[in-house]
Amino acid sequence: MTEKFISIEGIARSYPKPGGGATTVFDDLWLSMARGEFVCAIGHSGCGKTTVLNILAGLDAPSAGAVIVDGKEIEGPSLDRAVIFQSHALLPWRTVKGNVAYAVSSRHRDWGKAQIAAHAQKFIDLVGLTGAETKRPAELSGGMKQRVGIARALSIEPKIMLMDEPFSALDALTRGTLQDEVRRICATTGQTVFMITHDVDEAIYLADKVVLMTNGPGAVLAEIVENPLPRERARADVHKHPLYYAVRNHIIDFLVSRSKSFIAETGASYDPRHVPIMRPGLPEPAVTPVPGAVQHEVVHRRPGTATVRDGPGSAAHR
């Protein structure tokens, strides 16, 4: 059974309308993540992706349900959860090292200046900013500012790193470089990441799983796409992988058409507690019945795409 390091359990978020009633942005979301997993959430604007991230960060509270991280329910912000925003959000009067050291001192209040400085330097080096320690944000490029934000987030050694479209404001070349850095850092540290993006190729390159949300209001988790590409992958080789276009086309097809019609098409058959796991491009697995063993239902939504549903009594149903 996969470890549930993060468990989103039936969360919903509603806001009151001026004339009475409420608008439900999303409802009854269930999702689990294992330790060290990189998950990207994709959906159209207004489906509540950032709200989910804010709830994970403890910056917002769900209207219903709960989020459990490492066995404890989230009840507010914590240094166990670091957020990297779309903007760098650096302190403009502090240097690169000063911004990172400020975060370190917040985590380790009993440390001396030398220990804080050494710890901050470790993560400045990790993101490739060695030599820029004394520069202030105004002296840095956009990519360098985001590197400082990543170093600051990692320096507190969080259990989860939450990323809200962190590269969306950068040019294509800088974005690609930072994506490479994030992949390298996560591989090195085993960091657990929940990231929001609108970039399908970015999600395929970075994520172990891609979570697809329907349109809001009233959004739901429609599918969890397991990335069939090898976890150790190089940017230059991703588009050459035989399963790359199957994954990409599946996600784009969802965003273009099925995100609008998913709820109407699935109707009462949709079970928010057991969201379909999609494996685009993979053949239907051969199942050999074993007496007394729990079987899985494998359904092909379209040619070359296997859908796995856990059968009654399986670990996912307990």
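Right above here is the structure, for reference.
Since the model is a prediction, treat every value here as computed from it, not as a measurement. (Residues numbered from 1 in each chain as written. Predicted model: local features only at pLDDT ≥ 70, side-chain atom pairs only at ≥ 80, totals over all residues. Heavy atoms only, no water.)

**Quick notes on the overall build of the protein**
As a reminder, the rule being used: Numbered from the N terminus, helices here are DSSP runs of H or I no shorter than four residues, and strands are runs of E no shorter than two. Any two residues whose heavy atoms approach within 4.5 Å are treated as being in contact. Computed by Shrake-Rupley with a 1.4 Å probe, the accessible areas treat only the displayed protein chains as cover when residues are assessed.
Along its length, the protein carries eight helices and 13 strands. For the protein, the share of sequence-separated contacts (at least 6 apart) that also reach a separation of at least 24 residues comes to 70%. Accessible surface, the protein as shown: approximately 15,100 Å² in total, 54% of it carbon and sulfur.

**Section: unusual backbone geometry**
Leaving glycine aside, a negative phi is the common case for residues, and trans is the common case for peptide bonds. Here is the rule we go by: Only protein chains enter the accessibility calculation, which uses a 1.4 Å probe; a residue is then buried when its area is under 20% of its type maximum, exposed when over 50%, and partly exposed in between.
A cis geometry characterises the amide bond from Gly216 onward to Pro217, with omega recorded as -5°. Although it is not a glycine, Glu157 adopts a positive phi angle of roughly 50°. With respect to the helices, strands and loops of the structure, Glu157 is situated in the loop between helix H4 (142–155) and strand E7 (160–164). Glu157 gets classed as partly exposed once you look at its relative accessible area, which sits at 44%.

**Let's talk about the packing of H4 against helix H5 (residues 172–189)**
As a reminder, the rule being used: Axes, fitted as lines to C-alpha atoms, cover a helix only where it is in contact. Angles between the N-to-C directions of the axes lie from 0 to 180 degrees. For classification purposes, angles smaller than 35 degrees are called roughly parallel, those larger than 145 roughly antiparallel, those between 65 and 115 roughly perpendicular, and all remaining angles oblique. Handedness of a crossing follows from how the near helix is turned relative to the far one, being left-handed for an anticlockwise turn of less than a right angle and right-handed for a clockwise one. Polarity classes work like this: nonpolar for Ala, Val, Leu, Ile, Met, Phe, Trp, Tyr, Cys and Pro, charged for Asp, Glu, Lys and Arg, and polar for all others, with Gly in that last group.
Packing of H4 against H5 leaves a shortest axis separation of 10 Å and a crossing angle of 20°. With respect to their mutual orientation, H4 and H5 come out roughly parallel. Crossing of H4 over H5 shows right-handed handedness. Residues Gly143, Gln146, Arg147, Ile150 and Leu154 of H4 touch H5, and the partners they reach there are Thr174, Thr177, Leu178, Glu181, Val182 and Ile185. Taken together, the residues of the contact of H4 with H5 break down into five nonpolar, four polar and two charged.

**Quick look at the packing of aromatic side chains**
Just so we agree on the cut-off: Stacked, edge-to-face and tilted labels apply to pairs of Phe, Tyr and Trp rings (six-membered ring for Trp) whose centres lie within 6.5 Å, assigned for plane angles under 30 degrees, over 60, and everything in between, in that order. We call a charge positioned over a ring when the NZ of a Lys or the CZ of an Arg lies within 6 Å of the ring centre and within 35 degrees of the ring normal.
Counted under the stated rule, the structure contains two aromatic pairs. Judged by centre distance (4.7 Å) and plane angle (75°), the ring pair of Tyr244 and Tyr245 falls under edge-to-face. Of the residues examined, Tyr244 reaches a relative accessible area of 7% and is grouped as buried. Positioned over the ring face of Tyr15 is Arg13, at 4.3 Å from the centre of the ring. The cationic tip of Arg183 hangs over the ring face of Tyr205; the distance from NZ or CZ to the ring centre is 5.5 Å.

**A short note on the pairing of strand E6 (residues 81–84)**
For clarity, the threshold we go by: Two strands pair if DSSP finds at least two bridges between them.
Burial along E6 is two-sided: the face carrying Arg81 and Val83 and the face carrying Ala82 and Ile84 are both buried. As judged from the four bridges shared by E6 and E7, these two strands associate in the parallel manner. Within E7, the residue paired with Arg81 across the bridge is Ile160.

**Focus on the pattern of salt bridges**
For side chains of opposite charge, pairing can occur when their charged atoms come near one another. Using the following cut-off: By salt bridge we mean one thing: a side-chain nitrogen of Lys or Arg within 4 Å of a carboxyl oxygen of Asp or Glu.
Per the stated rule, a full pass over the model turns up 14 salt bridges. Residue Lys159 is joined to Asp80 by a salt bridge in which the shortest nitrogen-to-oxygen separation is 4.0 Å. Of the two residues, Lys159 sits in the loop between H4 and E7 while Asp80 sits in the loop between strand E5 (72–73) and E6, which places them 79 residues apart along the sequence. Taking the relative accessible area as the measure of exposure, Asp80 reaches 25% and is therefore partly exposed. Taken together, the salt bridges that share partners define one network made up of Arg35, Asp70, Asp80, Arg107 and Lys159.

**Details of the packing of helix H2 (residues 96–107) against helix H3 (residues 113–126)**
At a closest axis distance of 9 Å, the pairing of H2 and H3 adopts a crossing angle of 115°. For the pair H2 and H3, the sense of crossing is right-handed. Listed contacts from H3 to Val96, Lys97, Val100, Ala101, Val104 and Ser105 of H2 are Ile116, Ala117, His119, Ala120, Gln121 and Ile124. Classifying every residue of the contact of H2 with H3 gives eight nonpolar, three polar and one charged.

**So, the sheet that holds strand E1 (residues 6–16)**
With respect to topology, four strands assemble into an open sheet ordered E2-E1-E4-E5, the strand pairing being antiparallel. At either end of the open sheet lies a strand with only one pairing partner, and these are strand E2 (22–33) and E5. On top of the sheet, helix H1 (residues 49–57) reaches E1, E2 and strand E4 (64–69); it is set at about 120° to E1, its chief contact.

**Let's talk about the environment of Glu202**
Checked against the element boundaries, Glu202 lands in helix H6 (residues 200–206). Since its relative accessible area comes to 5%, Glu202 is described here as buried. As for Glu202 and Arg175, which are separated by 27 residues in sequence, their C-alpha atoms are 9.4 Å apart. If near-sequence neighbours (up to four positions away) are discounted, Glu202 is found in contact with Phe167, Arg175, Gln179, Met195 and Thr197.

**A word on the nonpolar core**
Defined as follows: Here the nonpolar core consists of buried residues drawn from Ala, Val, Leu, Ile, Met, Phe, Trp, Tyr and Cys, with membership extended through side-chain atoms lying within 4.5 Å.
Counting residues in hydrophobic clusters, the biggest one holds 87 residues, and the most contacted among them are Phe38, Phe167, Phe194 and Ile251. Leave out the neighbours within four places in its chain, and Phe194 touches Leu31, Met33, Val39, Ala41, Val52, Leu53, Leu56, Met161, Leu162 and Met163.

**Considerations on the environment of Arg248**
Examined against the element boundaries, Arg248 turns out to sit in helix H8 (residues 244–266). Taking relative accessible area as the criterion, Arg248 reaches 24% and is therefore assigned partly exposed. Not counting the four nearest positions on each side in its chain, Arg248 is found in contact with Val200, Asp201 and Ile204.

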